[in-house]
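Structural overview for review
Spelled out, the chains give:
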Amino acid sequence: MVRAIVGANWGDEGKGKITDMLGQESDIIVRFQGGSNAGHTIINDYGKFALHLLPSGVFYGHTTSVIGNGVALNIPYLFNEINELVSRGVPKPKILVSDRAQILMPYHIAFDAYEEERLGGKSFGSTKSGIAPFYSDKYAKIGFQVSELFAPEDVLKEKVERVVAMKNVLLEHLYHKPLLDSEEVYNTLLEYKAMVEPYVCDVSLFLHQAIKEGKNILLEGQLGSLKDPDHGIYPMVTSSSTLAAYGAIGAGIPPYEIKNITTVVKAYSSAVGAGAFVSEIFGEEADELRKRGGDAGEFGATTGRPRRMGWFDAVATRYGCRIQGATEVALTVLDVLGYLDEIPICVGYEINGEVTKDFPTTTKLEIAKPVWKTLPGWKCDIRGIKNYDELPKECRDYIDAIEAEIGVPITMVSNGPGRDEIIRRK
Ligand code: GDP
C-alpha cells in the first residue's frame, strides 16, 4: 500500500513527526520532490534532528530510505546528513538514490543568492539552497541527471562545456560575478559520482517490485499545498510540486497506487518567506504564539528565521486538503493553543465586499480580509493525554469545528512533538 504524507498549508505543519511515527509501519520511505530547502524537525529516542534531504524514516533499522527522481539532489549535503546521524548513534540508514534524480550543483546555490541580491527588496525570501535555479535547469534540459555521471567522458565533458558557456553569459553580464570553469565543474561531477555510485538504483523498478510484494510505502512531501507552483500562491511558491499527485511522478509509480493521502494540518498558521497570508497576526499576539509554537518556538528549521504567524485559516486549509486529495487529516500542535481564553479561526475571505469560502488566485488573495469566528479556549495543558475522550470539551469542539470546515476526517491529533504524542481518533 502506498500512502502519501503531505502538508495542507504553507509547510512546517509537522509532517516530519507524522512520517517518523508512521515510518514504524513502513518498509520504504520516499522523498519525491524538493531538496534541502525545508527541514523537518524530528524528536525521538536518538535526540532532536533537523532533516533536510533524508526521508524522515531514516531512524528505523527496517526501512529503506529513497531519494526519488523528483528531488533536487545535493550530494555533499546528503552525505553530511547521513554522517551526522551516524555520528550521533543512529544506525547507518539503507539509502537508495534514483538514477533519474538530478544533481543540485554548487552553481545553483550561487545563482540563487545572486538572483535574490539582484532583486533586492523584491526578493522571494529564498532559502538560497539553489532550488529555483535547479528546477529551471531541469526543465530547460541543462541539468545533470545522476545517470549522466556514468556517460562516456567526452559526452559528459561536452555537456559541461555547453552548460558552463551559458551560465557564464549570465554571470558576466547580468550578475557581474566570477565565471565558472568547465574543468572544475567536470571534476565536481566526478567527485559526486564516486560518492553516490554505491546508492544508485532504478527506483521506479524497485518500487514497482515492492508494490507487487505488498510492501508499505510512504511518500514524504515537503512544504505544503500553498507552496505548489501550480495550485499555490504563485509566484511566492517553491519550484517543485508539493502535491500528493506529484508523488507518482517524483517516485515513478502509477497514480492509482496512492491509496491514502494523509494530509497534515496545523492547529494554527505559520509561514516563511513573502506572500499573501490572510489570517496573519502581528505584534505581541504573534510573538506569544511564535514563542510557544512547535517544540521550541516557530523558527525556520533550515534558516532559523522567525516564522510569520496566524490563526487557523479554514479557507486555505479546506482548499489545501482538496488540492491534495486528502483522505484523512492529522491535526498537529494542538497542545500549543492551551494558553488562550478564546481562539479565532478564519472562516471566510472578504474580497471587494463579498465573502467567499473558496480560496482565490494570488491577485485576489492579496486584497482578501479575514472573516473571523471565535471559539472558546480550553485553558489547560493537553500533553500526555492518550485518549480522545479525555481531551477537554472545548478542545474537542475546536477539532470538530475544524473538521466541519475542511470536510475531511481528522483521524489523528498530535498533542506534542514526540513520536508517541498522538491521539488516534476513531
Ligand atoms: P514539517 O516540515 O512539516 O515536518 O514541520 P517542522 O518540523 O518544520 O515544524 C513542526 C514543528 O512542530 C517541529 O518543531 C516539531 O517538533 C513540532 N511539532 C510537531 N508536532 C507537534 C505537536 O503536536 N506539538 C508540538 N508542541 N510541537 C509539534
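Here the residue index of a chain counts from 1 through its sequence in written order. Residue-level local features of this predicted model are given only where pLDDT is at least 70; pairs of side-chain atoms are given and counted only at 80 or more, and the full residue set underlies all totals for whole chains, interfaces and linings.

What to know about the overall build of the chain
Let me state the cut-off plainly: In DSSP terms, a helix is any run of H or I states spanning at least four residues, a strand is any run of E spanning at least two, and both are numbered starting from the N terminus. The size measure is the radius of gyration over C-alpha atoms, and the globule rule it meets is 2.2 Å times the number of residues to the 0.38 power. Two residues form a contact once the distance between their C-beta atoms, set from the backbone, is within 7 Å.
Check the secondary structure of the chain and you find 12 helices and 21 strands. Scaling as 2.2 N^0.38, a compact globule of 426 residues should have a C-alpha radius of gyration of about 22 Å, and the chain matches this with 22 Å. Structurally, the chain occupies a C-alpha span of about 70 × 50 × 40 Å along its principal axes. Taking as baseline every contact in the chain between residues at least 6 positions apart, the subset at least 24 positions apart corresponds to 76%.

Re helix H12 (residues 393-406)
Our working definition: Expected span of a helix, by definition, is 1.5 Å for each gap between consecutive residues, and there is one gap fewer than residues. Between the buried cut of 20 or more and the exposed cut of 12 or fewer other C-beta atoms within 10 Å of a residue's own C-beta lies the partly exposed class, and all C-beta atoms are placed from the backbone. Think of the arc as the fan of directions from the helix axis to the C-beta atoms.
If you check H12, its first and last C-alpha atoms are 20 Å apart, about what 14 residues at 1.5 Å a residue would give, namely 20 Å. Along H12, the positions that sit buried rather than exposed are Cys-395, Tyr-398, Ile-402, Glu-405 and Ile-406. All buried residues of H12 fall inside an arc of 90 degrees around its axis, so they share one side. Facing away from the buried surface of H12 by more than 90 degrees, the exposed residues are Lys-393, Asp-400 and Ala-404. Packing partners of the buried residues in H12 comprise strand E15 (312-313), helix H10 (314-324), strand E16 (328-332), strand E17 (342-351), strand E19 (369-376) and strand E20 (410-414). Gly-407 lies just past H12 and shows a positive phi near 70 degrees.

Some remarks on the sheet that holds strand E7 (residues 94-98)
Worth spelling out the cut-off: Strand pairing is defined by DSSP finding a minimum of two bridges between the two strands. For helices, the fitted axis covers only the stretch in contact; all axes are lines through C-alpha atoms, and the angles between them, taken along N-to-C directions, range from 0 to 180 degrees.
Reading across the sheet, the 10 strands line up as E9-E7-E5-E2-E10-E1-E11-E16-E20-E21 and stay open at both edges, with mixed pairing between neighbours. Strand pairing shows two members of the sheet lacking a second neighbour, strand E9 (200-201) and strand E21 (422-424), which therefore form its edges. Bridge count between strand E2 (residues 28-31) and strand E5 (residues 64-67): four bridges; the pairing is parallel. Bridging across to E5, Ile-28 finds its partner in Thr-64. Across the sheet, helix H8 (residues 244-251) is in contact with strand E1 (2-7), E2, strand E10 (217-224) and strand E11 (258-266); its angle to E11 comes to roughly 125 degrees.

Considering the domain arrangement of the chain
The line we're drawing: Each domain's extent is set by a domain assignment, obtained either automatically or from a database.
What the domain assignment reports for the chain is domain 1 (2-85 + 204-424) and domain 2 (102-198). Those elements that place two or more of their residues in the side of domain 1 that touches domain 2 are strand E6 (72-73) and helix H2 (75-87).

A short note on the sheet that holds strand E12 (residues 269-271)
The strand order E12-E14-E13 describes an open sheet built from three strands, whose pairing is antiparallel. At either margin of the open sheet sits one strand with a lone partner, and together these are E12 and strand E13 (280-281).

Here we look at helix H4 (residues 131-139)
Along an α-helix, residues three or four positions apart point the same way, because every turn accommodates 3.6 residues. Of all the residues in H4, the buried ones are Ile-131, Ala-132, Pro-133, Phe-134, Tyr-135 and Asp-137. Looking at the packing, one finds that the buried side of H4 touches E6 and helix H3 (106-119). At the C-terminal side of H4, Lys-141 shows a positive phi close to 65 degrees.

Points about the site of the ligand
As a reminder, the rule being used: The criterion for a residue being near a molecule or strand is simple: its C-beta atom, placed using the backbone, must lie within 6 Å of it. Residue classes follow a fixed rule: Ala, Val, Leu, Ile, Met, Phe, Trp, Tyr, Cys and Pro count as nonpolar, while Asp, Glu, Lys and Arg count as charged, and any other residue, Gly among them, counts as polar.
For the ligand, the set of nearby residues contains 24 residues, the closest of which are Gly-14, Gly-16, Gly-294, Ser-414 and Pro-417. Looking at the shell around the ligand residue by residue, the classes come out as six nonpolar, 12 polar and six charged.

Quick word on the environment of Pro-106
Looking at the element boundaries, Pro-106 is found in helix H3. Taking the C-beta count within 10 Å as the criterion, Pro-106 has 14 such neighbours and is therefore assigned partly exposed. Residues Pro-106 and Val-200 lie 94 residues apart in sequence; the distance between their C-alpha atoms is 21 Å.

Remarks on the packing of helix H5 (residues 153-175) against helix H6 (residues 182-196)
Which entries qualify depends on this criterion: Roughly parallel means an angle under 35 degrees; roughly antiparallel means over 145; roughly perpendicular covers 65 to 115; every other angle is labelled oblique. Should the near helix be turned counterclockwise from the far one by less than a right angle, the crossing is left-handed, whereas a clockwise turn marks it as right-handed.
At their nearest, the axes of H5 and H6 sit 9 Å apart, and the two run at 130 degrees to each other. Looking at the two axes, H5 sits oblique to H6. When the axes of H5 and H6 are compared, the crossing they make is right-handed. Facing Leu-156, Lys-157, Val-160, Glu-161 and Val-164 of H5, the residues of H6 in contact are Ser-182, Val-185, Tyr-186 and Leu-189. Of the residues assigned to the contact of H5 with H6, the class counts are six nonpolar, one polar and two charged.

Some remarks on the UniProt feature "binding site: substrate" (unreviewed entry) in the chain
The condition that has to hold: UniProt positions are given in the numbering used here, feature names are shortened, and annotations may be inferred rather than shown by experiment.
UniProt's entry tags Ala-301, Thr-302, Thr-303, Gly-304, Arg-305, Pro-306 and Arg-307 with the feature "binding site: substrate" (unreviewed entry), counted in the numbering of this structure. Mapping Gly-304 onto the fold places it in the loop between helix H9 (283-292) and strand E14 (308-310). With respect to the helices and strands, Arg-305 occurs in the loop between H9 and E14. If we skip the residues at most four places from it in the chain, Arg-305 touches Val-272, Phe-299 and Gly-300.

Looking at unusual backbone geometry
The linkage connecting Tyr-234 with the following residue, Pro-235, adopts the cis geometry, with an omega of 5 degrees. Considering the arrangement of structural elements, one finds Pro-235 in the loop between E10 and H8. Residues other than glycine seldom take positive phi values, yet Lys-128 does so here, at roughly 60 degrees. Relative to the elements of secondary structure, Lys-128 occurs in the loop between H3 and H4.

A word on the pairing of E17
When E15 meets E17, the two strands line up parallel, connected through two bridges. Its bridge partner lying in E17, Phe-312 is registered against Ile-345. Where E17 lies against E19, eight bridges are found, and the strand directions are antiparallel. Paired with Gly-348 across the bridge in E19 is Val-371. Once E17 ends, the chain turns through two residues before running back antiparallel as strand E18 (residues 354-356), passing Asn-352 with a positive phi of about 50 degrees.

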